[in-house]
Amino acid sequence: MQEESKTITSRTYKCKSCGNFLHYDPTSKRLKCDHCSSFYDLEPVGDAMEVSYDDNTEQGFEAWGEVKCVKCKSCGAVTVLNEYDMTGNCPFCGANNVVSADELPGLKPTGILPFGVAKETAVQNFKTWIKKKLFAPSKFKKNNKKEDVSGIYLPVFTFDCNASTPYTIRYGEYYYVTVGSGKNRRTVQKTRWYVDSGFVTRGYDDIQIEASKMIEQNDLVGMGGFDSGNSCGYHSQFLAGYQGERYSTSLDDCWNRAVGIINDNLEEVIKSKYTYDVLDYVKINPSYANKKYKYIFVPIWLISYHYNKKLYNDYVNGRSGIVTGKYPKSAPKIASFCIFALAVIFGLAYIAYRFFAG
């Protein structure tokens, strides 16, 4: 009875023709049955919603909490979900159960970016990517076998705002003077310093911050980001056949990370207004207005494999096909490259020495 009180609602998608399970097909943009090749149109959805954001929006991060169980809609078995998972594969019948987002703690998703790159394309993009890696072992390039390829929806917060700030900048320009006389006559570099101030305003749209326990922000950047402006309203049909993960980093923490990106950009905007040789400081005191957020799911293909007993995880953007991640490196290749580079440097140094000495 206690277990039943923790059981949450889920949904499965089954083929009406043969009874097998459906999955969202990126190529046709429909639900597809791989067993009998039947296709089903999607339920209509609108655009992703933007929500106003202020300091009281979240009111404290709601963690996963107690153990969550899901009752399979296909066979009735009850299984335990992994922490923060929004889908669970039934170990008894293989059904992909998509959890009802309304029953999960915390903020509710406002949108989703459906997969646009098929699994086969993602794998081919990975092969092309790894072949271009100079230090990847030749044996691995020729015989790499993927142990696992998974389609996963990961949580991302996007932020909009208008940022403005007064600023003070101190920068310097080099100038040269001749000092001394006779053999001691020489040119000396000096710096002429300037202090200026002003005010800048800039609008920001869909700054993307990962909110997942699976990837880091540099992985999101490495995949080229996502076309979050094309996200549609959240619907479980897009998760059919895929894994999904609820956010595990709070909205407020993600906003603070977005502020860091905004402030860095404001400083770059300010510095671009000036011509200088050396920069002493840029001081800003920003404020942010018209803040909005979206809580969306973005698609990735996770490619996991072992090489020399070490696990590697690489990521393929499920919208653009861009690949990022770590890969095996050949120590002999790195050593050979270093030796070659040193030989080139010493060779050029020797030629320069002979030229000037002669």
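Scroll up a little and you will see the structure.
Criteria and cut-off values
- Residues numbered from 1 in each chain as written.
- Predicted model: local features only at pLDDT ≥ 70, side-chain atom pairs only at ≥ 80, totals over all residues.
- Heavy atoms only, no water.
- Patch = residues over 30% accessible without salt bridge, like charges linked within 9 Å, V, L, I, M, F, W, Y side chains within 5 Å.
- Areas by Shrake-Rupley, 256 points an atom, 1.4 Å probe, with all protein chains shown as cover.
- Salt bridge = Lys/Arg side-chain N within 4 Å of Asp/Glu carboxyl O.
- Buried < 20%, exposed > 50% of the residue type's maximum accessible area, 1.4 Å probe, protein only.
- Helix = DSSP H or I, 4+ residues; strand = E, 2+ residues; numbered from the N terminus.
- Contact = heavy atoms within 4.5 Å.
- Polar contact = N/O pair within 3.5 Å; in protein donor to acceptor, adjacent residues only side chain to side chain.
- Expected span 1.5 Å × (residues − 1).
- Arc of directions from axis to C-beta.
- Pairing = 2+ DSSP bridges.
- Phe/Tyr/Trp six-rings, centres within 6.5 Å; stacked < 30°, edge-to-face > 60°.

**Student:** Looking at this structure, how should I read a nonpolar patch on the surface?
**Tutor:** On the surface, a cluster of nonpolar side chains totalling about 420 Å² of accessible area is made up of Phe-340, Val-344, Leu-348 and Ile-351. Residue class for Ile-351 comes out exposed when judged on its relative accessible area of 55%.

**Student:** Would you explain the environment of Thr-87 in this entry?
**Tutor:** Position of Thr-87 among the secondary structure elements: in strand β9 (residues 87-89). Take Thr-87: its relative accessible area is 6%, and that puts it in the buried class. Remark: the alpha-carbon pair of Thr-87 and Ser-236, spanning 149 residues in sequence, is separated by 9.6 Å. Excluding residues within four positions of it along the chain, Thr-87 makes contact with Leu-81, Asn-96, Asn-97, Val-98, Leu-239, Tyr-242, Gln-243 and Gly-244. Looking at Thr-87, its side chain comes within polar contact range of the main-chain nitrogen of Gly-244, at 3.1 Å.

**Student:** Whenever I open this one, helix α2 (residues 119-131) confuses me. Can you help?
**Tutor:** In an α-helix, one full turn covers 3.6 residues, which means residues spaced three or four apart are oriented alike. With 13 residues, α2 extends 19 Å between its outermost C-alpha atoms, agreeing within 8% with the 18 Å of an ideal straight helix rising 1.5 Å per residue. All of the buried residues along α2 are Ala-122, Val-123, Phe-126, Trp-129 and Ile-130. Buried residues in α2, looked at end-on, bunch into an arc of 120°, giving them a common side. For α2, exposure combined with an orientation more than 90 degrees from the buried face picks out Glu-120 and Lys-131.

**Student:** Would you take a moment to explain unusual backbone geometry for this structure?
**Tutor:** When glycine is set aside, most residues are seen to have a negative phi, and most peptide bonds are trans. We note that Lys-29 has phi near 55°; this positive angle belongs to a residue other than glycine. Considering the arrangement of structural elements, one finds Lys-29 in the loop between β3 (23-25) and β4 (30-32). One non-glycine residue, Ser-37, lies in the positive phi region at around 65°. Here Ser-37 is to be found in the loop between β4 and β5 (39-40). The exposure class assigned to Ser-37 is partly exposed, which follows from its relative accessible area of 48%.

**Student:** Got a minute to help me understand the sheet that holds β9 in this structure?
**Tutor:** The three strands lie next to each other as β2-β10-β9, forming an open sheet whose pairing is antiparallel. At either end of the open sheet lies a strand with only one pairing partner, and these are β2 (10-11) and β9. Bridge count between β9 and strand β10 (residues 96-99): three bridges; the pairing is antiparallel. Paired with Thr-87 across the two strands is Val-98, which belongs to β10.

**Student:** Which parts of the structure should I look at to understand the environment of Val-70?
**Tutor:** Inspection of the secondary structure puts Val-70 in strand β7 (residues 69-71). The spacing of Val-70 and Pro-26 is 44 residues in sequence and 27 Å in space, taken between C-alpha atoms. Leaving out residues up to four positions away in the same chain, Val-70 has contacts with Thr-7, Ile-8, Ser-10, Ala-77, Val-78, Thr-79, Leu-81 and Asn-97.

**Student:** Sorry if this is basic, but what is going on with the packing of aromatic side chains here?
**Tutor:** One pair of aromatic rings is described through two measures. These are the centre distance and the angle between the planes. Counted according to the given criterion, the structure contains 28 aromatic pairs. Taken together, a centroid distance of 5.7 Å and an interplanar angle of 55° make the contact between Trp-64 and Tyr-84 tilted. Remark: Tyr-84 occurs in the loop between β8 (78-80) and β9 and Trp-64 occurs in the loop between β6 (51-52) and β7; sequence separation between them is 20 residues. The class of Tyr-84 is buried, set by a relative accessible area of 8%. Their ring planes at 55° and their centres at 5.6 Å tell us that Phe-126 and Tyr-305 sit as a pair that is tilted. In this pair, Phe-126 sits in helix α2 while Tyr-305 sits in strand β16 (residues 287-307), placing the two residues 179 residues apart along the sequence. Side by side, Phe-126 and Tyr-305 carry an identical accessibility label, which is buried.

**Student:** Help me out: how do you make sense of the pairing of strand β13 (residues 186-210) in this one?
**Tutor:** On a regular strand, each side chain points to the face opposite its neighbour's, so the side chains alternate between the two faces of the sheet. Pairing between strand β12 (residues 148-179) and β13: 23 bridges, direction antiparallel. Bridge pairing in β13 links Cys-161 to Tyr-204.

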